[in-house]
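Examination of the molecular architecture
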Amino acid sequence: MFNLIIAVLCSVAVSVLLKVARKRHIAIQQAIAFNYIVALSLSWFLLKPDFKGLEFTDFIAQSENTPIFLALGILLPSVFIIMSKAVEFAGIVRSDAAQRLSLFLPILAAFLIFHETLSQSKVVGIVLAFVGLFCLLSKPNQQSAVDFRGVLGLVGVWFGYGIIDILFKQVAKSGGAFPTTLFIAFSLAACIMFIYLLFKRTPWNVASVVGGIILGVLNFFNILFYIKAHQSFGSNPTLVFAGMNIGVICLGTITGALIFKEKISKVNWLGIVFSLCAIFCLYYLDKILA
């Protein structure tokens with residue numbers, strides 16, 4: 001549970017950084033690009049990936065985890081770009097909702113792909129988790145209708161974040177090989193992001209580089225501890241999938257109220273209660289009844 005809590009804290013810290021980025025003249029796309037450079041460096045020095053004496057390209061060609069790190073390397077920057085388009089055409093409220101409700105895909109995968117045992121307490125916990133998410137994502141002022149581009153963006157966000165969660169679970173299953181998988185995924189993500197910015201002819205600034213360094217540290221430890229949480233709860237991926245999403249949005253909601261003076265409605269508070277009940281059912285009640 002400690003690993004999951006650290007992952008949630010780092011994820012919320014990332015959200016806070018992205019929220020204040022504009023006021024600090026940080027270009028988000030530049031920060032994301034440098035974030036991957038930092039994550040790549042931390043992977044090399046802290047996790048010490050083992051290429052088994054092979055050249056980088058030879059390892060990619062021969063590794064059994066090649067589909068995983070290639071998919072992650074492409075999806076991590078791509079989903080960020082899709083998210084930015086979804087925010088532009090559908091609004092930040094709907095985009096954030098699509099990201100959080102992508103929880104449906106990894107929970108479905110927990111039972112169909114990872115063969116988790118479905119107990120009565122887990123069913124109750126999953127239902128409470130989604131009720132809590134809907135309550136937490138409820139906003140009093142809804143935006144206007146979404147056009148086709150907005151719908152495509154929201155579908156991309158929903159599908160992309162859901163697949164990334166499933167891939168991180170696959171990375172966790174690789175055991176001691178996960179440092180190498182992360183290193184290659186971050187390498188590919190950095191290349192894609194810098195090529196994207198190069199084609200856009202983006203003017204660089206120091207604030208974005210500094211922001212990217214901070215973002216990279218937070219993002220790296222967010223992913224690292226999320227993977228470690230999956231390894232700790234190897235037979236209960238639903239707890240990690242739901243706990244991460246619920247924890248981030250609950251803590252994010254409270255942080256928004258305390259730091260940014262955002263209003264929390266009665267429905268949002270009800271969502272926090274439902275979410276805490278969901279965690280109780282998925283972890284504590286499931287252990288008691290086991």
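This structure is a prediction, so every number in the text was calculated from the model and none was measured.

Considering the overall build of the protein chain
- When helices and strands are counted, the protein chain shows twelve helices and zero strands.
- Going residue by residue from the N terminus, the α and β elements of the protein chain occur as α-α-α-α-α-α-α-α-α-α-α-α.
- Taken against the 2.2 N^0.38 rule, which gives 19 Å for 290 residues, the C-alpha radius of gyration of the protein chain at 19 Å falls within 12% of a compact globule.
- Counting only C-alpha atoms, the protein chain reaches 50 × 45 × 35 Å along its principal axes.
- Counting over 290 residues, the protein chain shows a buried share of 50%.

Points about the environment of Q30
- In this fold, Q30 is placed in helix α2 (residues 28-47).
- Those residues in contact with Q30 that lie beyond four places of it in its chain are L197, T202, P203, W204, N205 and S208.
- A distance of 3.5 Å separates a polar atom in the side chain of Q30 from a polar atom in the side chain of S208.

Some details on the nonpolar core
- Formed by 81 residues in total, the largest nonpolar core has its most connected members in Y36, L72, L76, F168, L182, F186 and I227.
- A total of ten residues in this core trace back to one element, the largest contributor, which is helix α9 (residues 178-200).
- Excluding residues within four positions of it along the chain, Y36 makes contact with L76, P77, F186, A189, A190 and M193.
- Counting residues in each nonpolar core, the second largest holds six residues, with M83, A86, A98 and V157 among its members.

Section: the environment of I214
- Locating I214 in the fold gives a position in helix α10 (residues 206-232).
- Overall, I214 belongs to the partly exposed group, its relative accessible area being 42%.
- Distance in space between the C-alpha atoms of I214 and V38 is 8.5 Å, their sequence separation being 176 residues.

Concerning the state of the cysteines
- Counted according to the given criterion, the structure contains zero disulfides.
- Considering cysteine sulfurs only, C250 is the nearest to C135, which forms no disulfide, with 11 Å between them.
- Residue classification places C135 among the buried positions, given a relative accessible area of 12%.

Points about the packing of helix α5 (residues 92-101) against helix α11 (residues 237-259)
- Their axes nearest at 10 Å, the elements α5 and α11 cross at an angle of 150°. With respect to α11, the axis of α5 lies roughly antiparallel. Judged by residue contacts, D96, Q99 and R100 of α5 engage N245, V248 and I249 from α11.

Overview of the pattern of salt bridges
- By the definition in use, this model includes one salt bridge.
- The residue E116 makes a salt bridge to K122 at a minimum N-O spacing of 2.7 Å.
- Classification of E116 as buried rests on a relative accessible area of 7%.

As for helix α8 (residues 148-173)
- The terminal C-alpha atoms of α8, which comprises 26 residues, lie 38 Å apart, in line with the 38 Å expected from a rise of 1.5 Å per residue.
- Positive backbone phi, at 65°, marks G175, one or two positions downstream of α8.

Quick notes on unusual backbone geometry
- The phi dihedral of H25 falls on the positive side, at around 60°, and the residue is not glycine.
- Checked against the element boundaries, H25 lands in the loop between α1 (2-20) and α2.
- A positive phi angle, close to 55°, is found at H115, a residue other than glycine.
- Residue placement: H115 occurs in the loop between α6 (104-112) and α7 (120-136).

Structural notes on the packing of α1 against α10
- At a minimum axis separation of 8 Å, α1 and α10 run at an interaxial angle of 155°. Here α1 is positioned roughly antiparallel relative to α10, judged by the angle of their axes. Read as a crossing pair, α1 and α10 show a hand that is left-handed. Residues F2, N3, L4, I6, A7, C10, S11, A13, V14, L17 and L18 of α1 pack against G211, I214, L215, L218, N219, F221, N222, F225, Y226, K228, A229 and S232 of α10.
- Each residue belonging to the contact of α1 with α10 can be placed in one class, and the counts come to 16 nonpolar, six polar and one charged.

A closer look at a nonpolar patch on the surface
- A cluster of nonpolar residues, F104, L108, L112 and I113, forms a patch on the protein surface that exposes about 370 Å² of accessible area.
- Tracing the backbone shows L108 in helix α6.
- Owing to a relative accessible area of 38%, L108 belongs among the partly exposed residues under this scheme.

Rules used throughout
- Residues numbered from 1 in each chain as written.
- Predicted model: local features only at pLDDT ≥ 70, side-chain atom pairs only at ≥ 80, totals over all residues.
- Heavy atoms only, no water.
- Helix = DSSP H or I, 4+ residues; strand = E, 2+ residues; numbered from the N terminus.
- Rg over C-alpha atoms; globule rule 2.2 N^0.38 Å.
- Buried < 20%, exposed > 50% of the residue type's maximum accessible area, 1.4 Å probe, protein only.
- Contact = heavy atoms within 4.5 Å.
- Polar contact = N/O pair within 3.5 Å; in protein donor to acceptor, adjacent residues only side chain to side chain.
- Core = buried A, V, L, I, M, F, W, Y, C linked by side-chain atoms within 4.5 Å.
- Disulfide = S-S within 2.5 Å.
- Axes fitted to C-alpha atoms, helices over the stretch in contact; angles between N-to-C directions.
- Parallel < 35°, antiparallel > 145°, perpendicular 65-115°, else oblique.
- Salt bridge = Lys/Arg side-chain N within 4 Å of Asp/Glu carboxyl O.
- Expected span 1.5 Å × (residues − 1).
- Left-handed = near helix turned anticlockwise from the far one by under 90°.
- Nonpolar A, V, L, I, M, F, W, Y, C, P; charged D, E, K, R; others polar.
- Patch = residues over 30% accessible without salt bridge, like charges linked within 9 Å, V, L, I, M, F, W, Y side chains within 5 Å.
- Areas by Shrake-Rupley, 256 points an atom, 1.4 Å probe, with all protein chains shown as cover.

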